[in-house]
Amino acid sequence: MQNRKPIALSALSADFISELQSTKRFSGELRYDLTSRLLYSTDASIYQIEPLGVAFPRSTEDLITLIETSAKYEIPILARGSGSSLAGQAIGRALVIDCSRYLNRLIEVNREEQTATVEPGMILNTLNRAVSPYQLQFGPDPASAERATIGGCIANNAAGAHSIIYGMTADHIISLDIILSDGSTATFSEISLLSAQKIAAESNSITARLYRKALDLRSDYSEEIQKQWPETWRRASGYNLNYLLPWSPSQPPQWSSNQEWFSGNLKRLPYPPVLPGQINLAPLIAGSEGTLAVIHKAKLRLVSKPRCTILGVLSFGSIIEACEAVQEILLHEPSAVELIPQSLIKLARSVPAYAPLTSFVENIKVDEQDPAALLVVEFSGNEPAILLEKMRRLDKHIWIAESAEVQKRVWDVRKVGLGILMSRPGDHKPVAFIEDTAVPVNRLGEFVREIEKILDQYGTTADFYAHASAGCLHIRPLLNLKTIQGVTNLRAIAEQTVDLTLRLGGAVSAEHGDGLARGEWLEKTYGKIIVQAFHDLKFSADPKGLLNPGKIVDPLEMDKNLRFGETYRSVGWQPVFQFSNAEERQRERGLVEAIEQCNGAGVCRKSDGVMCPSFQASQEEMHSTRGRANLLRALISGNFPTRDFGLQAVREALDLCLACKGCKSECPSGVDIARLKYEFFNYYYSEPKHKRHVRDYLFGYIGNLAAIGHPFAPIVNSLLETNTIKKTGERLIGLSSQRAFPKMSTRSLHSQWKKRLQHNRPELYKEDVLFLSDAFTEYFQPHIGLTALDVLSKIGCRIHILPTQGAGRTLISKGFLESANKHGKRLLSDIQRLDPDGMMPIVGVEPSEIYTLRDEFLDLFSDDPKMLNISSRAFMLDEYLIRPGTDGDIRYSKLTFKDSGGFNQKVLFHGHCYQKAQSPAEDGFPMGVAASLVLLKAAGYSVQLIDAGCCGMAGAFGYEKEHFDFSMQVAEQTLLPTIRRAVQANSSVILCTPGVSCHAQIEDGTDVTPFHPIQLIAKKL
Ligand SMILES: Cc1cc2nc3c(=O)[nH]c(=O)nc-3n(C[C@H](O)[C@H](O)[C@H](O)COP(=O)(O)OP(=O)(O)OC[C@H]3O[C@@H](n4cnc5c(N)ncnc54)[C@H](O)[C@@H]3O)c2cc1C
Ligand code: SF4
Ligand code: SF4
């Protein structure tokens, strides 16, 4: 069959732009600048195609107008959700329509019918949270549910770990309201064949033509479909023609289960998907990757949540052994069986946010070693005792997780798997192109054995993991696509894998779809006749080929349009941070690799957690971690017309980055934009034509300024409070007049401590400690510093306050990296002078400063062999107190906590972002937030952690005029409303946070004054 050439436009036409912008029927946004196009040129796949523009419809009317106008001007369009697709179906030379930004409402939930009606941009997890109070959920559970939109789930026919009970998304669609390629609308739901025939005969509308084609396919292709279809029900490739019959070669194993809970759900599950004599075109839209229609409303079937679940983990000596065990396990009627390879556990340990999740592996180690493969088996139902019994019957040595918390930990490791496996350093990356095959479960072991042989031929290996229960393994061979050999191997491995998969009765895609990676294999899979049927169906729905061209029908070649192809080149700049020597700690090497580390998986587009607050508040791709990484990559790989254009685009993208390190801790690939931001600004301002703001010097060198100004604190403080000064400050140097500035103290910490020292009793000293007094503790909050020193004295510390203030955080934040380097050298020489043996712990109370020693100093001074030792001795005071001292006793045990204010006094704790970004310590004791909680609990407080990300202040950021509103917007996402609610419910609740910025933000936003943890500890002494 001759491929139709997709319409190749170089840009949106001026007439189209002017018509869209002038019509009252379109209230959305249209962007066609290069930066926006680059931001939407990638998804989570290995491909990159620059779109023609990006539109953000605000309403269905907007969406209809967009499609109608595009049809008029023959502009290809591509509806998009979060862009987490792995096969390239969310990118193309088209006008991208981002449905995630505004079209994300929950329209209706019907508890009796167990249905939900939603707009396409609604995030799956948001839907699940909304229906959870009714004990309902959406059945298919893709691992990407925290950012995948319903539109994306439908168009990709997404499925997840529980597909053996719930099947795929196509099985849960009741009706779809769609917009067809000419802008006309239709609703597809179950109707009688007679009604379908009537619609088909009525007119020449696209709806009528689609019904005509569907009825023809049903009658004329039934035999061919049944002959050619893969034997597995787990299939997301080609169009769902089998749903028209309706027929399936097999079905999810648990759909025949008689168990009470399953059968309750079975009444609602759709095999057969429609009743005899009926037809529903909605499941046909599922898996069509936006090539048949654009969805604007979906009515979905929901399923009951199981009352309880139990997890068991089995260990195996090899992946093949694990795969061969699956069929037998399925006889026990589990609700999920997932494969986790050893490599995933090892990589998860290296990501701060995920490392603690892997603790369960300790229970299943074989000879102190991680097992080669794990099978995670889940049973679901109504009675915990029955589930436990089933688990024991499965294997009496199985390690069992009963509590919801431990189960979640195991699931989280599995869910972040794909992203983590992609985080490997170096140019050889685990590449997604055969990552989604499914074979009948009884052939799974054989399949893995054969794949290993294929990979061996090409001198590579791969990780295997995921939905073993459904015969669906995610396999990502390590390839260097920046070389011709890598690209040649890509095609060769794909061809052999496709042949193998088809020989074993499998499907080339089980849930991720065809996109650019697999469209080429449809003819091999289904044969010419069915592919012609796909073609006919597509062009009856989209006669001009405008909907997501090049996908499913007339596919593009799988080895073209690669993001990193053999012609890809990148050139960075000479960084100050020594990225390349940080291998042991970071997983990337060099500035360029640090930038290229983003794989596009889009975890940074989720709506909770610490990553990424600027995306959460703005919903803008540019202000997500991924957007920033993409623009940085565009800069170093010459995608901008001029370097200066690129520099300005990146500058804009980094402007709203709060440098909270949320990405460092939560991005499965370890993308660390905060570090790149410091480095970029240092580089950017190294060019004389780029002038710094005066306030950058003010903030960067605040320690030096405060040292000069603090003796005149009363005058300075009252001046800074006056409206005239505030307004002038706003006008002249861009400081927000809406902020109250922190008040200086006339007496610095050093001077106050000197006086107290006279009362100290040296005979009680048990341990020497270095205290890092930062500029804020020294000049603005010496009372907190003094409290900390008092507590340290009480446990018998001889305190040496370091003369250099802080670790240079304010300089680093403002990108004064050379100055930060000099400052750091001064501090290191002070540390070495006071502690030549390198034994003393270094303790402080301001997270941003202490963690600079643990983090950035390793990058600044990685060629200093003593640096690792210094960094591992740096602790926040609470981390220090919960660790054993030289006598082996936990240090805080020397403190006697009294019942002042009452034990169980409720404390609401907000963790500083850098606390949240801490990796687990080698000594196994808690770090960061966990350490604060341990100490506060030990003192008798009843502590509740606020589940929020960055406070939005982020050092100087919130004080800057143009950032004030955004800073408050970030805080209003979760933090401030949570505090207000808590204080309203219980006026005696105490707020606690260690960061000086968080303190100011909470005070400004709620009028509640928080305490530093050490103040609360002191209250109990
Ligand atoms: C780390 C990782 C793990 C993943 N795990 C899973 C998994 O377990 N199971 C699974 O099934 N998938 C998984 N995926 C793939 C992907 O996340 C899902 O398929 C998801 O449903 C895509 O949703 P999205 O909003 O990102 O869609 P996008 O990627 O934006 O779009 C997907 C397709 O839907 C089309 N589309 C979007 N909106 C509309 C609309 N309104 N009308 C018509 N077409 C539309 C697009 O054109 C595109 O073809 C994973 C991806 C990653 C990166
Ligand atoms: S920044 Fe991290 S989480 Fe975001 S898309 Fe890139 S790799 Fe994924
Ligand atoms: S540092 Fe924070 S704001 Fe910046 S990209 Fe990372 S998560 Fe987003």
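Data block above holds the structure.
Now for a look at the structure at hand.

Among the 38 residues in the neighbourhood of ligand 1, the closest are listed as Ala79, Ser84, Ser85, Ser144 and Ala159. Between an oxygen atom of ligand 1 and a main-chain N or O atom of alanine 79, the distance comes to 2.5 Å. Glutamate 511 is positioned with one of its side-chain polar atoms (N or O) 3.2 Å from a nitrogen atom of ligand 1. When ligand 1 sits alone it has 980 Å² of accessible area, and the protein chains cover 99% of it. For the shell around ligand 1, the secondary structure elements donating two or more residues are strand 3 (77-80), helix 5 (150-156) and strand 12 (294-301). The element contributing the most residues to the shell around ligand 1 is helix 5, with 5 residues. Here the residues of the shell around ligand 1 are counted per class, giving 19 nonpolar, 15 polar and 4 charged.

We now examine the site of ligand 3. What surrounds ligand 3 is a group of 13 residues, the closest being Cys612, Arg628, Cys657, Cys660 and Cys663. Secondary structure elements with two or more residues in the shell around ligand 3: helix 22 (613-618), helix 23 (625-636) and helix 25 (662-666). Looking at the shell around ligand 3 residue by residue, the classes come out as 8 nonpolar, 3 polar and 2 charged.

Attention now goes to the sheet that holds strand 12. With respect to topology, 5 strands assemble into an open sheet ordered 5-6-12-8-9, the strand pairing being antiparallel. The sheet is open, and its two edges are formed by strand 5 (106-110) and strand 9 (185-188), each paired on a single side. If you compare each strand with its neighbour and ignore which way they point, the axes differ by 10° on average. Packing against the sheet, helix 3 (residues 60-72) makes contact with strand 8 (173-179), strand 9 and strand 12, and its axis sits at approximately 135° to strand 12.

It is worth spelling out helix 26 (residues 673-684) at this point. The terminal C-alpha atoms of helix 26, which comprises 12 residues, lie 15 Å apart, in line with the 16 Å expected from a rise of 1.5 Å per residue. The element helix 26 is extensively covered by neighbouring structure, given that 12 of its 12 residues are classed as buried. Every buried residue belonging to helix 26 is among Ile673, Ala674, Arg675, Leu676, Lys677, Tyr678, Glu679, Phe680, Phe681, Asn682, Tyr683 and Tyr684, and all of these are buried.

One can expect most non-glycine residues to show negative phi and most peptide bonds to be in trans. With an omega of -15°, the peptide bond between leucine 245 and proline 246 qualifies as cis. Its place among the elements puts proline 246 in the loop between helix 9 (222-228) and helix 10 (260-266). With an omega of -5°, the peptide bond running from methionine 611 to cysteine 612 counts as cis. Even without glycine at this site, alanine 659 takes up a positive phi of about 50°. Mapped onto the elements, alanine 659 comes out in the loop between helix 24 (643-655) and helix 25.

Attention now moves to a nonpolar patch on the surface. Nonpolar side chains collect at one region of the surface, where Phe712, Ile715, Leu719, Leu720 and Ile725 lie side by side and expose about 440 Å² of accessible area between them. With relative accessibility at 53%, the residue isoleucine 715 sits in the exposed group.

Moving on, we get to the packing of aromatic side chains. Applying the stated criterion across every chain yields a total of 25 aromatic pairs. What links up through ring pairs into an aromatic cluster is the set Trp573, Phe680, Phe681, Tyr683, Tyr684 and Tyr685. A cation over a ring is seen here: arginine 101 above phenylalanine 56, with NZ or CZ 5.6 Å from the ring centre.

This brings us to the pairing of strand 8. Of all 7 residues in strand 8, 6 are buried, a share of seventy percent or more. Strand direction decides the pairing type here: strand 8 and strand 12, joined by 6 bridges, are antiparallel. Bridge pairing links isoleucine 179 to valine 294 in strand 12. Connecting the antiparallel pair strand 8 and strand 9 is a turn made up of 5 residues, with glycine 183 showing a positive phi of about 95°.

Reading the values: rules and limits
- Residues numbered from 1 in each chain as written.
- Chains lettered and ligands numbered in written order.
- Predicted model: local features only at pLDDT ≥ 70, side-chain atom pairs only at ≥ 80, totals over all residues.
- Heavy atoms only, no water.
- Near = heavy atom within 4 Å.
- Polar contact = N/O pair within 3.5 Å; in protein donor to acceptor, adjacent residues only side chain to side chain.
- Areas by Shrake-Rupley, 256 points an atom, 1.4 Å probe, with all protein chains shown as cover.
- Helix = DSSP H or I, 4+ residues; strand = E, 2+ residues; numbered from the N terminus.
- Nonpolar A, V, L, I, M, F, W, Y, C, P; charged D, E, K, R; others polar.
- Pairing = 2+ DSSP bridges.
- Axes fitted to C-alpha atoms, helices over the stretch in contact; angles between N-to-C directions.
- Contact = heavy atoms within 4.5 Å.
- Expected span 1.5 Å × (residues − 1).
- Buried < 20%, exposed > 50% of the residue type's maximum accessible area, 1.4 Å probe, protein only.
- Patch = residues over 30% accessible without salt bridge, like charges linked within 9 Å, V, L, I, M, F, W, Y side chains within 5 Å.
- Salt bridge = Lys/Arg side-chain N within 4 Å of Asp/Glu carboxyl O.
- Phe/Tyr/Trp six-rings, centres within 6.5 Å; stacked < 30°, edge-to-face > 60°.
- Lys NZ or Arg CZ within 6 Å of the ring centre and 35° of its normal.

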